[in-house]
Amino acid sequence: MIRRASLVLVGALMGATAMGIVYSSVVPAVAANPSTYRELSIFGDVFERVRAQYVTPPQDDKLIENAINGMLSSLDPHSSYMNSTDAEDMRTQTKGEFGGLGIEVTMEDDLVKVTSPIDDTPAAKAGVLAGDFISKIDGQDVRGLKLEEAVDKMRGAVGKPIKLTILRKGAEKPIELTIVRDIIAVRAVKFHTEGDVGYVRVISFTEKTYDDLKNAIEKIQAQIPADKLKGYVLDLRLNPGGLLDQAINVSDAFLERGEVVSTRGRNPDETRRFNATPGDLTGGKPVIVLVNGGSASASEIVAGALQDLKRATVLGTRSFGKGSVQTIIPLGEAGALRLTTALYYTPSGKSIQGTGISPDIKVEQPLPPELLGKVETTSESSLRGHIKGQNENDEGSGSVAYVPPEAKDDLQLNYALDLLRGKKTDPAFPANPEKAELKP
C-alpha cells in the first residue's frame, strides 16, 4: 500500500453537490486578446459607477467577491471563489479535526439535541449524555438559531472554555456545564460486525480515512475468525466525497493490481494515472459496495474502481455522477480560486460525469410514508450549467439519497447480507478479479 500526500480533493465534504480539488500555487499564463482588456475596462467603469451612485453605499469587497463568483458560476456549478473564511473551513474539513467539544448533535423542538458524545472528548468527560438538550450556549438562547449556527458557536479555539445550559430528562433544573475545547478528530469511518459479516461505512474522505478503514478491518478480523467471516459490506451511501488520495488508498486497500482512476485535463500531457499496489487488507474476502444518489465523486471513484476491476459487487441505485476535478489556487489572505480543470475516469476508461455509477444489482430503498413527495433525486445531471459528460444521455445520473435509520428497514443492506450468507444469489456476485480486463 502506497501512502500519498493529500493533494487532491474529490467531493464536497458538506452538502449535496460535489467537487474535486487539486492544490496548486502556479497558474499558467495565457495571453488574452486586446478586446478582452477593453471589456475589463468596462467592468472597472461599472464598478466605479456602482460605488459612487448606488442608492445605498455598497461594500467594495462584497461587490468584487460577487462579481468573481458570477464569472465562475457561469462556467459550471463547481467553480467558485472562496473567501478566507471559506478556504479555512475547507482546510478544516479535509484535515478531519477541529477545535470543539466532541458531540454529535441534531435539532429537535428548536433545541440542539445531543445524539452521542464522542468517547474521550471534553464533552464526554464533562458528563454530557446522549439525549441531553442544549438550551443556551454562553448564555445565548439556542432557539432561533439554525443547527449550523449553533455548531459554529460550539466550535472554537483549543483551550477556550464554553458554557452550556443543558436540559436533561429527570433533572429538576437546567444543568450548567463549563467545558474547555480541545482538538476533536472526526471519525471518517464507522464499523461494526453483522454476525459473520464486517460492515464498514465510509462517511467522508478526509486525511484520516485510510487509517480509520485499516483500523476497522483489523478490528473486524479480530472479532470474527477468518473461517467464519463471510465478507464485507462497504457502505458509501450518502458519502459526498473528499480527498482523492484517500479514495485511491481506500480502493487500493481491497486491490492487488490495476489502474484505480485517471484524471484528464484540457491538454493530453495533463493526464495522470493512479495504480493499485499489492496488498489486499481483507485477504480476498467478498466485498459488496452500497451506493445511492448521495454517493458522489471520491466515493464514485472507489465504487467505479472496485466494480471495473471486478473486486466488488456494487449494489443499490445510481450514484450522483460527479466526475470533474477542480484546482485550488491560493490567493493569499484573499482566499482561494476553485476552478474545474479535469475529468476523472474509471479503470475501464469511462467518465461518470453526468451518468454516475450504475449498480451491478439494483435495489431500490422505498421511502417511509412521511417522506413521500419530500425527498428529491440528487444528481450532477440536474445541476444547472453542469459539464455534460461524454456518456451522458437523457436518463442522466443520480437517484434518491435515503438510508433508513434502523438496519431492519434497510433493504439494500439486508440484500447485501443475504448475498454474502448465500441466502440470495445473483450472477454479479461474487465478483471475480481474474475476469477483469486490465489495461497494459
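Attention here is on the structure that accompanies the text. This is a predicted model, so every value here is computed, not measured.

**Some remarks on the packing of aromatic side chains**
Within the structure shown, the criterion is met by zero aromatic pairs. Seen from the ring of Y345, R264 lies directly overhead, with NZ or CZ sitting 3.9 Å from the centre. Of note, K424 hangs over the ring of Y415, and the distance from its end group to the ring centre comes to 5.1 Å.

**Here we look at the nonpolar core**
Formed by 43 residues in total, the largest nonpolar core has its most connected members in L234, F254 and V289. Elements represented by at least two residues in this core include exactly β13 (197-202), α6 (209-223), β14 (231-235), α7 (244-252), β16 (259-265), β18 (287-291), α8 (298-308) and β21 (336-345). In terms of residue count, the dominant contributor to this core is α8 (six residues). Once you skip the residues sitting within four places of it in the chain, V289 turns out to touch L234, L236, A303, L306, A312, T313, V314 and L315. L101, V112, A123 and L164 belong to the second largest nonpolar core, which has 16 residues in total.

**Quick word on the pattern of salt bridges**
Oppositely charged side chains may form a pair once their charged atoms are brought near each other. Inspection of every chain in the model, using the stated rule, returns 18 salt bridges. Of the charged contacts in the structure, one is a salt bridge between E395 and R318, with a shortest N-O distance of 2.8 Å. Of this pair, E395 sits in the loop between β23 (377-378) and β24 (399-400) while R318 sits in the loop between β19 (313-316) and β20 (324-330), and the two are 77 residues apart along the sequence. For the salt bridge of D409 with K408, the shortest nitrogen-to-oxygen distance reads 3.3 Å. The class of D409 is partly exposed, set by a relative accessible area of 38%. The exposure class assigned to K408 is exposed, which follows from its relative accessible area of 65%. Here the residues in one salt-bridge network are E48, R51 and D60, joined through shared partners.

Conventions and cut-offs
- Residues numbered from 1 in each chain as written.
- Predicted model: local features only at pLDDT ≥ 70, side-chain atom pairs only at ≥ 80, totals over all residues.
- Heavy atoms only, no water.
- Phe/Tyr/Trp six-rings, centres within 6.5 Å; stacked < 30°, edge-to-face > 60°.
- Lys NZ or Arg CZ within 6 Å of the ring centre and 35° of its normal.
- Core = buried A, V, L, I, M, F, W, Y, C linked by side-chain atoms within 4.5 Å.
- Buried < 20%, exposed > 50% of the residue type's maximum accessible area, 1.4 Å probe, protein only.
- Helix = DSSP H or I, 4+ residues; strand = E, 2+ residues; numbered from the N terminus.
- Contact = heavy atoms within 4.5 Å.
- Salt bridge = Lys/Arg side-chain N within 4 Å of Asp/Glu carboxyl O.

Without other data, these values stay purely geometric and don't point to any function.
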